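Fold and contact review
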Amino acid sequence: FFAVTEQGNRENARLYAGVSVQGRNQKVVMMRVSNALLAGALKLYEETPLKLDPATKPKEKAENEARYKHPADPYMTLLTYFNSLKELGGSRRIFEDEVFARIKLYGDRVREEPKLKMFSSRSLSEVVELTSRVSTSKVADAKRQLGKPYGDESSIGVALATNMISVGLDITRLGMMLVSGQP
């Protein structure tokens, strides 16, 4: 790996991390990293409550909550990039079967030293695809849903994509991406 370090005070700074595990199946590593990212994002979301103006009247409160952007919201959707449809297809089953089942158990994990809970249990319902094998109308619906904040009934927790996201996917809400394999 190689990197150039930027000063931390730069606006819109990004953090890139690489995970290389010898002797492990790539899909197992992807599953474990996905679990940690999804459960860790929820923990961050829970620990960073919305702060509304105390002078806000009760009727205005609901309107302000709808307009207030939660600082952890960009990390509540995991966008996973794959180099090919074949890799994506196999991984979709892992997300639907393994990741969704295990992430419900992550809230019970406690670190040994220091004693603290690093994750929260999370419930996820479906995986959406942004690929050429999905109809244009479904891709348009998925893009619309990806723009919805966490907690909205139509928000998405996991999106799987191929190179389709490199041409025309501009959803500013998305802040977390997992690139599976060497890009």
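Residues numbered from 1 in each chain as written. Predicted model: local features only at pLDDT ≥ 70, side-chain atom pairs only at ≥ 80, totals over all residues. Heavy atoms only, no water.

Glancing now at the packing of helix H1 (residues 26–47) against helix H3 (residues 85–103). At a closest axis distance of 10 Å, the pairing of H1 and H3 adopts a crossing angle of 45 degrees. Taken together, H1 and H3 sit at an angle that is classed as oblique. The handedness of the crossing between H1 and H3 comes out as right-handed. Across from Lys27, Met30, Met31, Ser34, Asn35, Leu38 and Ala39 in H1, the residues of H3 making contact are Gly90, Ser91, Ile94, Phe95, Glu98, Val99, Arg102 and Ile103. Partitioned by chemical class, the residues of the contact of H1 with H3 number eight nonpolar, four polar and three charged. (Axes fitted to C-alpha atoms, helices over the stretch in contact; angles between N-to-C directions. Helix = DSSP H or I, 4+ residues; strand = E, 2+ residues; numbered from the N terminus. Parallel < 35°, antiparallel > 145°, perpendicular 65-115°, else oblique. Left-handed = near helix turned anticlockwise from the far one by under 90°. Contact = heavy atoms within 4.5 Å. Nonpolar A, V, L, I, M, F, W, Y, C, P; charged D, E, K, R; others polar.)

Strands in a sheet are paired, the pairing made by backbone hydrogen bonds, and the direction either parallel or antiparallel. Spatially, the four strands line up as an open sheet ordered S4-S5-S1-S6, and their pairing is parallel. In this open sheet, the two strands that pair with only one neighbour each are strand S4 (127–130) and strand S6 (177–179). Going across the sheet, the axis of each strand differs from the next one's by a mean of 25 degrees, ignoring polarity. Examined bridge by bridge, strand S1 (residues 78–81) and strand S5 (residues 158–161) share four bridges and lie parallel to one another. (Pairing = 2+ DSSP bridges.)

Here the focus is the packing of aromatic side chains. Counted under the stated rule, the structure contains one aromatic pair. Note on Tyr45 and Tyr150: the rings are 4.8 Å apart at their centroids and 75 degrees apart in plane angle, and the pair reads as edge-to-face. Of the two residues, Tyr45 is situated in helix H1 and Tyr150 in the loop between helix H4 (136–146) and S5; the sequence distance between them amounts to 105 residues. When its relative accessible area of 28% is taken as the criterion, Tyr150 is described as partly exposed. (Phe/Tyr/Trp six-rings, centres within 6.5 Å; stacked < 30°, edge-to-face > 60°. Buried < 20%, exposed > 50% of the residue type's maximum accessible area, 1.4 Å probe, protein only.)

Looking now at the environment of Ile171. As for its position among the elements, Ile171 is in the loop between S5 and S6. Given a relative accessible area of 18%, Ile171 falls into the buried group. In sequence terms Ile171 and Leu146 are 25 residues apart; their C-alpha atoms lie 7.3 Å from each other. Leaving out residues up to four positions away in the same chain, Ile171 has contacts with Lys143, Leu146 and Gly147.

This part is about the pattern of salt bridges. Evaluated as defined, the whole model comprises eight salt bridges. One salt bridge in this structure joins Arg133 and Glu129, with 2.8 Å as the shortest N-O distance. The residue Asp141 makes a salt bridge to Arg144 at a minimum N-O spacing of 2.8 Å. Highlighted residues: Asp141 and Arg144, both in helix H4, separated by three residues, approximately one helical turn. In this structure Asp141 comes out as partly exposed when scored by relative accessible area, which is 38%. Each of Arg92, Arg93, Glu96, Glu129 and Arg133 takes part in salt bridges that share partners, so that together they form one network. (Salt bridge = Lys/Arg side-chain N within 4 Å of Asp/Glu carboxyl O.)

What follows concerns the pairing of S5. With burial as the criterion, each face of S5 is covered, one bearing Val158 and Leu160 and the other bearing Ala159 and Ala161. Traced from S4 through H4 to S5, the parallel crossover comes out right-handed. (Right-handed = clockwise from strand over helix to strand, strands pointing away.)

Here His70 shows up in the loop between helix H2 (58–67) and S1. For His70, a relative accessible area of 7% corresponds to the buried category. For His70, the side chain forms a polar contact with the main-chain nitrogen of Ala72, separated by 3.0 Å. Discounting residues that sit within four places of it in the chain, His70 has contacts with Tyr45, Thr48, Pro49 and Leu50. (Polar contact = N/O pair within 3.5 Å; in protein donor to acceptor, adjacent residues only side chain to side chain.)

Attention now goes to the nonpolar core. Of all hydrophobic cores here, the largest spans 25 residues; its most connected members are Leu38, Phe95, Val99, Val158 and Leu160. Elements supplying a minimum of two residues to this core: H1, H3 and S5. If one sorts the elements of this core by residue count, H1 sits on top with eight residues. Apart from the residues lying within four places of it in its own chain, the contact partners of Leu38 are Leu78, Val99, Ile103, Arg122, Leu124, Gly157 and Val158. Among the nonpolar cores identified, the runner-up in size contains 15 residues, and Leu130, Ala161, Ile165 and Leu169 belong to it. (Core = buried A, V, L, I, M, F, W, Y, C linked by side-chain atoms within 4.5 Å.)

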